[in-house]
Amino acid sequence: MSGAEEAGGGGPAAGPAGSVPAGVGTGAGVGVGAGPGAAAGPAAAAALGEAAGPGLPDEAGLAGARQLQEAAVDPDAPPKKRLRAAEAAEAAAAAAAAGSGKLEERLYSVLCCTVCLDLPKASVYQATFSLTSPGYMPWGRHQPRHASEGCCSWCPVLGCTNGHLMCAGCFIHLLADARLKEEQATCPNCRCEISKSLCCRNLAVEKAVSELPSECGFCLCQFPRSILERHQKEECQDRVTQCKYKRIGCPWHGPFHELTVHEAACAHPTKTGNELMEILDEMDQSHRKEMQLYNSIFSLLSFEKIGYTEVQFRPYRTDDFITRLYYETPRFTVLNQTWVLKARVNDSERNPNLSCKRTLSFQLLLKSKVTAPLECSFLLLKGPYDDVKISPVIYHFVFTNESNETDYVPLPIVDSVECNKLLAAKNINLRLFLFQIQK
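It should be emphasised that the depicted structure is a prediction, and the values quoted were computed from it without experimental measurement.

A. Spotlight on the overall build of the protein. If you tally the helices and strands in the protein, you get 11 helices and 17 strands. Residue burial in the protein is summarised as follows: out of 439 residues, 42% are buried. In the protein, the share of contacts with a sequence separation of at least 24, taken over all contacts with a separation of at least 6, comes to 60%. Total accessible area on the protein is roughly 23,300 Å²; 54% of this is exposed by carbon and sulfur atoms.

B. Representation of helix α10 (residues 273–300). Counted at 1.5 Å a residue, the expected span for α10 with its 28 residues is 40 Å, and the 39 Å between its end C-alpha atoms agrees. Taken as a whole, α10 has its buried residues at Ile279, Ile297 and Leu300. Lining the buried residues of α10 we find β9 (305–317), β14 (374–382) and β17 (428–436).

C. Just the packing of aromatic side chains, in detail. Within this structure, the stated rule accounts for 7 aromatic pairs. Between the aromatic rings of Tyr308 and Phe433, the centroid separation amounts to 5.5 Å while the plane-to-plane angle is 25°, which identifies the pairing as stacked. Pair noted here: Tyr308 is in strand β9 and Phe433 is in strand β17, with a separation of 125 residues, a long-range link. The exposed category is assigned to Tyr308, whose relative accessible area is 52%. The ring centre of Tyr408 lies 3.8 Å from the NZ or CZ of Arg344, which sits over that ring.

D. Broad picture of unusual backbone geometry. Positive phi, close to 65°, is recorded for Arg191, a residue that is not glycine. Looking at where Arg191 falls in the secondary structure, it is placed in the loop between α6 (168–181) and β4 (199–201). For Arg191, a relative accessible area of 25% puts it in the partly exposed group. Look at Asn346: it is not a glycine, yet its phi comes out positive at around 50°.

E. Examining the side chain of Glu263 more closely. Tracing the backbone through its elements, the reader meets Glu263 in helix α9 (residues 259–265). In this structure Glu263 is buried but unpaired, with Lys244 as the nearest side chain of opposite charge at 4.3 Å. Ignoring sequence-local partners within four residues, the contact set of Glu263 consists of Cys243, Lys244 and Tyr245.

F. Local environment of the pairing of β9. The pairing of β9 with β17 spans 9 bridges and is antiparallel. Along β17, the bridge assignment pairs Ile306 with Phe435. Relative to strand β10 (residues 325–328), β9 runs antiparallel, the two sharing 4 bridges. Opposite Arg314, over in β10, you have Glu328 as the bridge partner.

G. Just the confidence of the model for the protein, in detail. Averaged over every residue, the pLDDT of the protein is 74; residues scoring 70 or more account for 69%. Note that pLDDT drops below 50 for residues 1–58; the model gives that stretch 149 contacts with residues more than four away or on any other chain.

H. Examining helix α7 (residues 203–211) more closely. When α7 is considered as a whole, its buried residues turn out to be Val205, Glu206 and Val209. The buried residues of α7 occupy one face: seen down the axis, they fall within an arc of 100°. For α7, the exposed residues set more than 90 degrees away from the buried face come down to Ala204, Lys207 and Glu211.

I. Region of interest: a nonpolar patch on the surface. Taken together, the side chains of Met291, Tyr294, Phe298, Leu301 and Ile306 define a hydrophobic patch exposed on the protein surface, amounting to about 520 Å² of accessible area. Ranked by residues supplied to the nonpolar patch, first place goes to α10 with 3 residues. With respect to the element layout, Phe298 can be found in helix α10.

J. The arrangement of the pattern of salt bridges in detail. Scanning all chains against the criterion turns up 7 salt bridges. In this structure, Asp347 engages Arg344 in a salt bridge whose closest nitrogen and oxygen atoms are separated by 3.6 Å. Looking at Asp347, the relative accessible area reads 48%, which means it is partly exposed.

K. Region of the structure containing the pairing of β14. Relative to strand β15 (residues 395–399), β14 runs antiparallel, the two being bridged by 5 bridges. Within β15, the position partnered with Cys376 by the bridge is Phe397. Pairing geometry for β14 and β17, over 7 bridges, is antiparallel. Within the sheet, the bridge partner assigned to Lys382 lies in β17 and is Leu430.

L. Molecular detail of the side chain of Asn346. In this fold, Asn346 is placed in the loop between β12 (337–345) and β13 (360–366). Under the relative-accessibility criterion, Asn346 is labelled buried at 12%. Separated by 3.0 Å, the side chain of Asn346 and the backbone oxygen of Lys357 make a polar contact. At a separation of 2.7 Å, a polar atom in the side chain of Asn346 contacts the main-chain amide nitrogen of Thr359. Apart from residues lying up to four places away in sequence, Asn346 is in contact with Pro352, Ser355, Lys357, Arg358 and Thr359.

M. Highlighting the packing of α6 against helix α11 (residues 416–424). Direction vectors running N to C along α6 and α11 enclose 60°, while the axes themselves pass 8 Å from each other. Between α6 and α11 lies a crossing whose hand is left-handed. Residues Ile172, His173, Leu175, Ala176, Arg179 and Leu180 of α6 lie in contact with α11, whose contacting residues are Asn420, Lys421, Leu423 and Ala424.

About the criteria used
Residues numbered from 1 in each chain as written. Predicted model: local features only at pLDDT ≥ 70, side-chain atom pairs only at ≥ 80, totals over all residues. Heavy atoms only, no water. Helix = DSSP H or I, 4+ residues; strand = E, 2+ residues; numbered from the N terminus. Buried < 20%, exposed > 50% of the residue type's maximum accessible area, 1.4 Å probe, protein only. Contact = heavy atoms within 4.5 Å. Areas by Shrake-Rupley, 256 points an atom, 1.4 Å probe, with all protein chains shown as cover. Expected span 1.5 Å × (residues − 1). Phe/Tyr/Trp six-rings, centres within 6.5 Å; stacked < 30°, edge-to-face > 60°. Lys NZ or Arg CZ within 6 Å of the ring centre and 35° of its normal. Lys, Arg positive; Asp, Glu negative; His and termini not counted. Salt bridge = Lys/Arg side-chain N within 4 Å of Asp/Glu carboxyl O. Pairing = 2+ DSSP bridges. pLDDT = per-residue confidence, 0-100. Arc of directions from axis to C-beta. Patch = residues over 30% accessible without salt bridge, like charges linked within 9 Å, V, L, I, M, F, W, Y side chains within 5 Å. Polar contact = N/O pair within 3.5 Å; in protein donor to acceptor, adjacent residues only side chain to side chain. Axes fitted to C-alpha atoms, helices over the stretch in contact; angles between N-to-C directions. Left-handed = near helix turned anticlockwise from the far one by under 90°.

Encoded structure:
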């Protein structure tokens, strides 16, 4: 799944059984009509079926080509996905015309993510089933789920079955969408149930994908995916870099092979002290904002009454006609008072599963009675075993018996991808810090 798709998207929509669903996509792509995809589809199927080569059965190649063809002509699929499917089908058709295609071109349709049709960049997940899982059939009685699909990729082997492949971003997105719609997450191809407990990583596919060649975005040369990132960051002579005098205001960006020439002619080292002071003052403004946060945290740590606890947000649905997802923690005690935390998605938007941007906001409620106003500062951070990225933000509120709940304030998650990680989890585990301000 590409970076843009990981950063958010409308979420994979589930299509009819046996078809390729609408993938995760962001932005507006160039629409591809049914013509090119339909024309290239049969040729792609023939190319992948006839030129599968050793180790790749014809069924896998045909299924991959059929998947690309269906995605290319599906009017409900996002334009970006239809464009990618049409390009892949055209490449397979060209390979058929040449007599035989490259191995990596034939492997693309076999190893690509079943949701976004892109080669995974990180973890690859597949559904696994036990003898009691829905969709299991005893050995010898397995029949194709769809007549047009042939023997699909989840045939049982030694009492368990292999699922369709999904990249990590699409897998998390499917789970998050199911949570928002109050549905059981299912595989887009075979409609079997999927969850973190029913799916596992496929290391063999991850290693195979890491050895496939990919084009460098700077020099356009091909390298194995396993070393492409290092090449683009450290070795490529055309990678974009900055002047070493950027700290004193040089704005130059350019290819690495021009860096030495630029630095030799850069005018910033010859600037006067007054000119440099103006540049440094602007840089100091941004650093002051960062330091202000950390100084505030250090100041709070010197307070007499400090409390913290692990909180677990559990999902619930409202009683409205159109139910909405919200989260709430059990009651907990901090600073000798009883508290509850609530959270909601996209400020209770009607259909957050249709939104490209997803956010969480939370509210702190005081449940016990107080004899005097209770002024507190509080902040939420990630739990000790979570990998979600949360930026610390300090909030202040004065609690009384009449005003015992804060407004909903943003949970400072880095982006929508991190929000999907929280939504995909069974519960959200965070750590709350409370600081009582005494005058």
